[in-house]
Amino acid sequence: MAQSLSELRKSRGKFDNLMQEVEKISNNGRNNNNEGFWQPTVDKANNGSAIIRFLPAPKGEELPWVRVWSHAFKGPTGKWYIQNSLTTIGQNDPIGEHNQKLWNTGLEADKQTVRNQKRKLTYYANILVVADPGNPSNEGKVFLYKFGTKIFDKIKDAMNPEFDDEVAINPFDFWEGANFKLKIREVEGYRNYDKSEFAKPSAIAEDDDDIDAIWSQAKSLQAFVAPDKFKSYEELTRLFQSVMGNTTTTKAKAPVDEEEDLGTIEYEAPDEKPVAKKAPAKKSEPDSDADYFASLADD
């Protein structure tokens, strides 16, 4: 891990380790404190734009992002379950085990319940806000940014482009990275990021002292996956039973592999009574969920 700007400069252009982490993600708790986070401004039509720059890993940390799995759903009692999933840190989670049990019944009603209470995936990274038309006072400042798989896919595509005439870039590099042109549209009632894209590679600043000043503002990402961000298996089980009305959870053979894009379903709700946008129609469910659970049922 780079501890100085000179070390980071020497390593630019080499991002095999990042690509390995991307491959792990490809093959394979919610934080209610928004202090220090940046959010794009949208108009009444839910459209907006901004230019941001993803920053390298904070000093002393390995990766420029972390990902957190979480659950957010309303039970039959009317209570909400909003908790980080222990699968984030490689442990079994009672909701995942319960979901696997339901899926293996083969009943469509049980499968729909699983879809309604499946894991949601969130990424965290540090960014420099280059342009923010909706809130110009943010420009030139470093923030934490929370985003979903749609935007992370843009990052992956930049690092591993599909076509031969495209040059791979490391979006997190100070010198050879690129600004990200965030473009938000409302499509069928949901935020859509498809038109977002990376600009041509450029240095984040001309002077190394300015670059180091930007880097020094980056906040810890490992803090989001620290042990104190996760309740114990027993406590999560108790909370789940309370939300479901003492529903019995049963240990399964492995944690479920469930994923949803925060760019499609967003849970930005008050602490006590979250309001979730209506989920997309069944046809938009990722095929990987069905394939994964079907394979479990065959075991």
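So, how was this worked out
- Residues numbered from 1 in each chain as written.
- Predicted model: local features only at pLDDT ≥ 70, side-chain atom pairs only at ≥ 80, totals over all residues.
- Heavy atoms only, no water.
- Axes fitted to C-alpha atoms, helices over the stretch in contact; angles between N-to-C directions.
- Helix = DSSP H or I, 4+ residues; strand = E, 2+ residues; numbered from the N terminus.
- Parallel < 35°, antiparallel > 145°, perpendicular 65-115°, else oblique.
- Left-handed = near helix turned anticlockwise from the far one by under 90°.
- Contact = heavy atoms within 4.5 Å.
- Nonpolar A, V, L, I, M, F, W, Y, C, P; charged D, E, K, R; others polar.
- Salt bridge = Lys/Arg side-chain N within 4 Å of Asp/Glu carboxyl O.
- Buried < 20%, exposed > 50% of the residue type's maximum accessible area, 1.4 Å probe, protein only.
- Arc of directions from axis to C-beta.
- Patch = residues over 30% accessible without salt bridge, like charges linked within 9 Å, V, L, I, M, F, W, Y side chains within 5 Å.
- Areas by Shrake-Rupley, 256 points an atom, 1.4 Å probe, with all protein chains shown as cover.
- Lys, Arg positive; Asp, Glu negative; His and termini not counted.
- Charge placed at Lys NZ, Arg CZ, Asp CG, Glu CD.
- Core = buried A, V, L, I, M, F, W, Y, C linked by side-chain atoms within 4.5 Å.

### Things to note about the packing of helix α3 (residues 94-103) against helix α4 (residues 108-116)
- Relative to each other, α3 and α4 sit at 155 degrees, their axes nearing to 8 Å. The angle between α3 and α4 places the two elements in the roughly antiparallel class. For the pair α3 and α4, the crossing hand works out as left-handed. Residues Asn99, Leu102 and Trp103 of α3 form the contact with α4, whose participating residues are Asp110, Lys111, Thr113, Val114 and Arg115.
- Considered class by class, the residues forming the contact of α3 with α4 number three nonpolar, two polar and three charged.

### Side note on the pattern of salt bridges
- Inspection of every chain in the model, using the stated rule, returns seven salt bridges.
- Residues glutamate 197 and lysine 181 are paired through a salt bridge, measuring 3.4 Å at the closest nitrogen-oxygen approach. A residue pair is termed long-range when its members are at least 10 positions apart, and glutamate 197 in strand β8 (residues 197-198) and lysine 181 in strand β6 (residues 180-187) qualify at 16 residues.
- Exposure remark for glutamate 197: the relative accessible area of 35% places this residue in the partly exposed category.
- The shortest N-O distance in the salt bridge between glutamate 197 and lysine 183 comes to 3.5 Å. Remark: lysine 183 occurs in strand β6 and glutamate 197 occurs in strand β8; sequence separation between them is 14 residues.
- Here the salt bridges share partners, and the residues they tie into one network are Lys181, Lys183 and Glu197.

### With respect to α4
- For α4, the full list of buried residues reads Asp110, Val114 and Arg115. Buried residues of α4 fall within an arc of 145 degrees about the axis and therefore sit on the same side.

### Considerations on a negative patch on the surface
- Together, Asp157, Glu162, Asp164, Asp165 and Glu166 give the surface a local cluster of negative charge.
- Looking at the secondary structure, you find aspartate 164 in the loop between α5 (149-159) and β6.
- In this structure aspartate 164 comes out as exposed when scored by relative accessible area, which is 83%.

### So, the nonpolar core
- Ranked by size, the top nonpolar core spans 27 residues in total, and within it Trp38, Phe54, Tyr145 and Phe147 carry the most contacts.
- Secondary-structure elements contributing two or more residues to this core are β1 (48-54), β2 (65-74), β4 (120-131), β5 (142-147), α5 and β6.
- With sequence-adjacent residues up to four places away left out, tyrosine 145 is seen in contact with Phe37, Trp38, Pro40, Ile52, Phe54, Tyr123, Tyr124, Ala125, Ile127, Ile151 and Leu182.
- Listed in part, the 13 residues of the second largest apolar core include Leu8, Leu128, Ile214 and Ala218.

### Topic: unusual backbone geometry
- Unlike most non-glycine residues, asparagine 46 shows phi in positive territory, near 65 degrees.
- Within the secondary structure layout, asparagine 46 lies in the loop between α2 (16-27) and β1.
- Judged by relative accessible area, asparagine 46 falls into the buried class, the value being 11%.
- The residue glutamate 188 is not glycine, and still its phi comes out positive at about 55 degrees.
- Tracing the backbone through its elements, the reader meets glutamate 188 in the loop between β6 and β7 (190-192).

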